[in-house]
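Report on the structure
Residue strings, one per chain:
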Amino acid sequence: ASDMLEAGTQASMPGAERKDHTPGDPAIISVLVAEFDIDKGSVIRAQYPSPLDATEDALAELMLPEGAHNHEADWTYFAIRPMLRRDHSADAPVPVDAYVFRSGDGGQAAPSPSGVEGAWAPYCAGEALVLGLEVGDGGARALVLQAGRAEKLRSNLHSELQYTVLQDDFVSCYAEDGSAIGFHFRSHEAQRAFSERIESALPDFDDGSLPDPALLNSSFLSSANGSGSGIFLAQMVDARARSTPGSPILDFPRAAEPLVWVLNLVCTRKDKRIRRGAEVKAIAVATTDRFLHAYKPVLVQAMKRMLADSAAATDSSATAASTALERAVAGADSSLAARAVAAKVFEALLTMDLLALTLPSPLERQVDRLLGACATPLMYGGAMRPPAILSASAIWAGSVISVRIPTNMEPEEVADARVSLLVRTFGKFVPQIQRALLNYERVLFIGQSQRASTVCAHVLAAPLLVSPPLQGLLRRTFPYANLTSLAFLETPAFIAGVTNPMFSCKTGWWDLLCDVDTGKVLRAPVPIPPPNNSVVAEAETAAEVILGSRLVAGVEAQLPEGWVREICRERVRHLIAIGGAALAENEPEIGTPVPEQLASALLVAPSADVRVALRAARRNAGLSRAIRAAAMTAIHPSSLPSSLPSSHGVRAAVERLRGLRGRCSDGRAFAAGGFLAAEGGEGSSLNELGASEACDLLATLLDASRDECALEIFFGSLDATCATGALTPVALLLLYAAPEVRALAARLLQRLETWPQLRLCVRALNPFLVVSYEQQLRTADSAGSAHMVARALCHSHTTQTLG
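Residues numbered from 1 in each chain as written. Predicted model: local features only at pLDDT ≥ 70, side-chain atom pairs only at ≥ 80, totals over all residues. Heavy atoms only, no water.

Quick look at the environment of Leu 733 now. With respect to the helices and strands, the residue Leu 733 is situated in the loop between helix 22 (728-731) and helix 23 (739-753). With 38 residues separating them in the primary sequence, Leu 733 and Cys 695 have C-alpha atoms 9.9 Å apart. (Helix = DSSP H or I, 4+ residues; strand = E, 2+ residues; numbered from the N terminus.)

Okay, the pattern of salt bridges next. Close approach of charged atoms allows side chains of opposite charge to pair. What the rule picks out here adds up to 25 salt bridges. In this structure, Arg 269 engages Glu 279 in a salt bridge whose closest nitrogen and oxygen atoms are separated by 2.7 Å. Taken together, the positions of Arg 269 in strand 12 (residues 260-270) and Glu 279 in strand 13 (residues 278-287) put the pair ten residues apart, joining distant regions of the chain. A single burial state applies to Arg 269 and to Glu 279, both of which are buried. Sharing partners across several salt bridges, the network here consists of Arg 369, Glu 410, Glu 566, Arg 569, Glu 570 and Arg 573. (Salt bridge = Lys/Arg side-chain N within 4 Å of Asp/Glu carboxyl O. Buried < 20%, exposed > 50% of the residue type's maximum accessible area, 1.4 Å probe, protein only.)

With 15 residues, helix 14 (residues 542-556) extends 21 Å between its outermost C-alpha atoms, agreeing within 8% with the 21 Å of an ideal straight helix rising 1.5 Å per residue. Among all positions of helix 14, only Glu 544, Leu 547, Gly 548, Leu 551, Gly 554 and Val 555 are buried. Taken end-on, helix 14 shows its buried residues confined to a sector of 135 degrees, consistent with a single buried face. Pointing more than 90 degrees away from the buried face of helix 14 are the exposed residues Ala 542, Ile 546 and Glu 556. Buried-residue contacts for helix 14 involve helix 10 (419-426), helix 11 (430-438) and helix 15 (561-586). Gln 558 sits one or two residues past helix 14 and shows a positive phi near 60 degrees. (Expected span 1.5 Å × (residues − 1). Arc of directions from axis to C-beta. Contact = heavy atoms within 4.5 Å.)

Summary statistics for the chain give a mean pLDDT of 75 and a share of 70% for residues scoring 70 or more. In the model, residues 1-26 has pLDDT below 50 throughout and makes 74 contacts with residues more than four positions away in sequence or in other chains. This model gives residues 797-803 a pLDDT under 50, and the stretch forms five contacts once residues within four places in sequence are excluded. (pLDDT = per-residue confidence, 0-100.)

Looking now at the sheet that holds strand 3 (residues 73-80). Strand order in the open sheet formed by five strands is 2-1-13-12-3, with antiparallel pairing between adjacent strands. In this open sheet, the two edge strands, each paired with only one partner strand, are strand 2 (41-48) and strand 3. Across the sheet, the mean angle separating the axes of adjacent strands is 20 degrees when strand polarity is ignored. Bridge analysis of strand 3 against strand 12 gives eight bridges, and the strand direction is antiparallel. Note on strand 12: the bridge partner recorded for Thr 76 is Asn 264. Set on the sheet, helix 12 (residues 452-461) makes contact with strand 3 and strand 12; between it and strand 3 the angle comes to about 45 degrees. (Pairing = 2+ DSSP bridges. Axes fitted to C-alpha atoms, helices over the stretch in contact; angles between N-to-C directions.)

The next point concerns the packing of helix 11 against helix 14. Packed helix pairs are characterised by how far apart their axes lie and by the angle those axes make with each other. Following both chains from N to C, one finds helix 11 and helix 14 inclined at 125 degrees, their axes separated by 8 Å at the closest point. When the interaxial angle is binned, helix 11 and helix 14 end up oblique. For the pair helix 11 and helix 14, contact is made by Val 430, Pro 431, Gln 434 and Arg 435 and by Glu 544, Leu 547, Gly 548 and Leu 551, respectively. Its residues placed into classes, the contact of helix 11 with helix 14 shows four nonpolar, two polar and two charged. (Parallel < 35°, antiparallel > 145°, perpendicular 65-115°, else oblique. Nonpolar A, V, L, I, M, F, W, Y, C, P; charged D, E, K, R; others polar.)

Relative to the elements of secondary structure, Gln 434 occurs in helix 11. Of the polar contacts made by the side chain of Gln 434, one reaches the backbone oxygen of Cys 568; its length is 3.2 Å. Dropping the residues within four chain positions of it, Gln 434 is found in contact with Leu 465, Val 466, Leu 547, Cys 568, Arg 571 and Val 572. (Polar contact = N/O pair within 3.5 Å; in protein donor to acceptor, adjacent residues only side chain to side chain.)

In a beta sheet, neighbouring strands pair by backbone hydrogen bonds and run either parallel or antiparallel. Sheet architecture is open: five strands sit in the order 19-20-18-21-22, paired in mixed fashion. Since the sheet does not close on itself, it has two edges, and those belong to strand 19 (477-478) and strand 22 (520-523), each with one partner. Bridge count for strand 21 (residues 512-515) against strand 22 is four bridges, and the pairing is antiparallel. Within strand 22, the position partnered with Leu 513 by the bridge is Leu 522. Here helix 11 sits on the sheet in contact with strand 18 (443-446), strand 20 (495-498), strand 21 and strand 22, set at roughly 145 degrees to strand 21. In the packing of helix 12 onto the sheet, the strands contacted are strand 18, strand 19 and strand 20, and the crossing angle to strand 20 comes to about 170 degrees.

Now for the nonpolar core. Counting residues in hydrophobic clusters, the biggest one holds 176 residues, and the most contacted among them are Ile 283, Phe 445 and Phe 714. Counting 23 residues, the second-largest nonpolar core is a separate cluster that includes Leu 131, Leu 145, Ile 181 and Ile 198. (Core = buried A, V, L, I, M, F, W, Y, C linked by side-chain atoms within 4.5 Å.)

This part covers the pairing of strand 17 (residues 399-406). With eight bridges connecting them, strand 16 (residues 389-396) and strand 17 associate as antiparallel partners. By the bridge assignment, Ile 395 is partnered in strand 17 with Val 400.

For the structure on display, the rule yields twelve aromatic pairs. Judged by centre distance (5.9 Å) and plane angle (45 degrees), the rings of Phe 185 and Phe 194 are tilted. Assigned by exposure class, Phe 185 and Phe 194 land together as buried. On the basis of an interplanar angle of 55 degrees and a centroid distance of 6.2 Å, the ring pair of Phe 291 and Tyr 295 is categorised as tilted. Here Phe 291 and Tyr 295 have matching classes, each one buried. Taken together, Phe 478, Phe 488, Phe 494, Phe 503 and Trp 509 form an aromatic cluster joined through their ring pairs. Directly above the ring of Trp 75 sits Lys 296, whose terminal nitrogen or CZ lies 4.9 Å from the centroid. One cation-aromatic arrangement involves Lys 344 over Trp 396; the distance from NZ or CZ to the ring centre is 4.7 Å. (Phe/Tyr/Trp six-rings, centres within 6.5 Å; stacked < 30°, edge-to-face > 60°. Lys NZ or Arg CZ within 6 Å of the ring centre and 35° of its normal.)

It is worth spelling out a nonpolar patch on the surface at this point. On the surface, a cluster of nonpolar side chains totalling about 220 Å² of accessible area is made up of Leu 483, Leu 486 and Met 502. Mapped onto the elements of the fold, Met 502 is located in helix 13 (residues 502-505). (Patch = residues over 30% accessible without salt bridge, like charges linked within 9 Å, V, L, I, M, F, W, Y side chains within 5 Å. Areas by Shrake-Rupley, 256 points an atom, 1.4 Å probe, with all protein chains shown as cover.)

What follows covers the environment of Glu 540. Looking at where Glu 540 falls in the secondary structure, it is placed in the loop between strand 22 and helix 14. In contact with Glu 540, not counting residues within four places along its chain, are Lys 428, Pro 431, Gln 432, Arg 435 and Val 545.

Relative to the helices and strands, Ser 42 is located in strand 2. Classification of Ser 42 by relative accessible area gives buried; the value is 16%. Setting aside residues no more than four positions away along its own chain, Ser 42 makes contact with Glu 35, Phe 36, Ala 60, Glu 61 and Leu 64.

A few words on the environment of Ala 738. If you trace the backbone, Ala 738 turns up in the loop between helix 22 and helix 23. In this structure, the C-alpha to C-alpha distance between Ala 738 and Ala 691, residues 47 residues apart in sequence, is 6.7 Å.

What follows covers helix 25 (residues 767-779). Over its 13 residues, helix 25 runs 18 Å from end to end, which matches the ideal 18 Å to within 8%, given 1.5 Å per residue. The complete set of buried residues in helix 25 reads Leu 769, Val 770, Ser 772, Tyr 773 and Gln 776. Relative to the axis of helix 25, the buried residues are bounded by an arc of 160 degrees and lie together on one face. For helix 25, the exposed residues lying more than 90 degrees away from the buried face are Pro 767, Arg 778 and Thr 779. Two or three places before Phe 768, at the start of helix 25, stands the capping residue Asn 766, its side-chain oxygen 2.8 Å from that residue's backbone nitrogen.

Put into structure tokens, the structure is as follows:
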């Protein structure tokens, strides 16, 4: 129990989600206190300073997880979602008036769904119509319009539904036969409530839209070995929130709001003098901060205070309350005490001055990414490089509580998620979980004999297997769920965690079951014939087998968390790159529907990994958009905005150099991606690169080394998992035969060392390459070296001008 209460407090600070922390305007939304009442069950005792937008019954059940009485202390996480805000009655059909759009026909004047001239004609006029959602094991399936018990219209949730809010109380959509249907609600509130249900139920269909070209970055434009640049695909918003009028949009301000996450501590105090011999209490903090686990020490102190007060009250009471009136008075006193503790926690969290913390620059974040993934300890000035952590403090009862906040957090990261935990638990099966996420399948983690905190930790780590570069997984992630609220089953491709063994028997509720107890994964039986657009499970590809073995070996060798994450990201970026290349080679015609583009490219897929990427893209809209953006870049590089050609040149230069290979002093072949013995011997020989091309590449990078934004792109394109150092693509040219190439490579590394934050990256190179670099600096004649560099740069600029 003490280990649970004194859990680590490292946290990560996101960049964009954080709102200003000033007294009276905190990111802390509310503090909640709950307990198990012997007469009422799970109840909320206090919410301070204001209640959350969720029913108290749902909050209480989530704060007191199943089996909490079996553990002295436990932590859980959950998010406040629309499904928690409505009660069961909100799922009932709602009364509407229905219309069908007739072009050039008479009818009631109303907005057109696509600007076509025409009008809305009444549908089933004079009948009392209600509109509802048909929900099955896999979530919402169809819109159903009924008059009494008679079904008047059914429209499955399909890729061309285009559910669009045209007015406050009027929406439209397309039926499967292509006709436009309109629904007029009785009020704006009724329309909004039903539209929120549609929003949470609609799958993330790919409507064919591409991201804004201004958001194209190294994650899009990377080659098979490409890497992100600090601006990830995760910054792309969902197409439905960014479409132009007439597109399938759901224009809700709530969709753009950050999720409200809840960190919950639940403890059990056993005492024979209490009815049933124990009491269970919970305290939680709700915040939009994704580094909410930094608040654990404050919650621990508050829980100790609550349990101590409860024990004192038990001691002072000679006999337990036996009448209903006495129990009611005791309950009222408990609510007052709970509110006092909640207020104290809220005030303590307000004392944390986060505005005084200095966040790193984007370039420093890239350096932290590279150094955090290093497989060997880094030495700087004779000492280990300290982790990039910011310190803050909170005041509780006159005492200072210190918290540590790391400065770098991924867009889809919550709390202290660790991908290495997934590898330790599931080992070689991790690639299967990653593929299920890429295939947009329902993934359920179950731990029948585990604490809820253990299951939550696995669930929160799962999105990091594919993000970055993919985005949007947190919106469908449920760290803890139970049988009292099954609304999460309506969410397509959810990632959820449970502790009740009943879920393992319901094979229609999930596609992949990950058993935390046994470390095995189980795929749900596939119905025969499979439903349309389903993904049939295939055998693991050779690359997935290598990935699983490499992850297991790395974790057993105690390689850092950053290395594990980068290995998984490289796999996703590789799939995006090869999928984009296959789609570009197929040259789809303009206007061809996205499913047809992918199906056509799939027929001529050259390898198993390409088939995996294209099949997954047919269901996963985020992956589909990324692959098509990579294909668009390959087919139409001139379509890049004017602000990106130079950055594209920097990425292209790094990617060209990452394909080189040379030999160490011991004769082993190595490349930018590590020793070739572990990579199958891929890579082109260093001698195959012409001196003129090498000078051009180095000149491009030398120009980039003068600007911090260009350097961010440069370092974002490097491979953080390279065993010989992230800058190996440049350092390999120190071994080139032509002296002017060696001189340019040494000049580039020397210039990088002039940036204080980059010096450690240069010194983290393989010792053989560091010796080569230092020898080049010592032995080269200063005048001759300057002359060779100037001549090489002049030749490079002349070649580029002629080109």
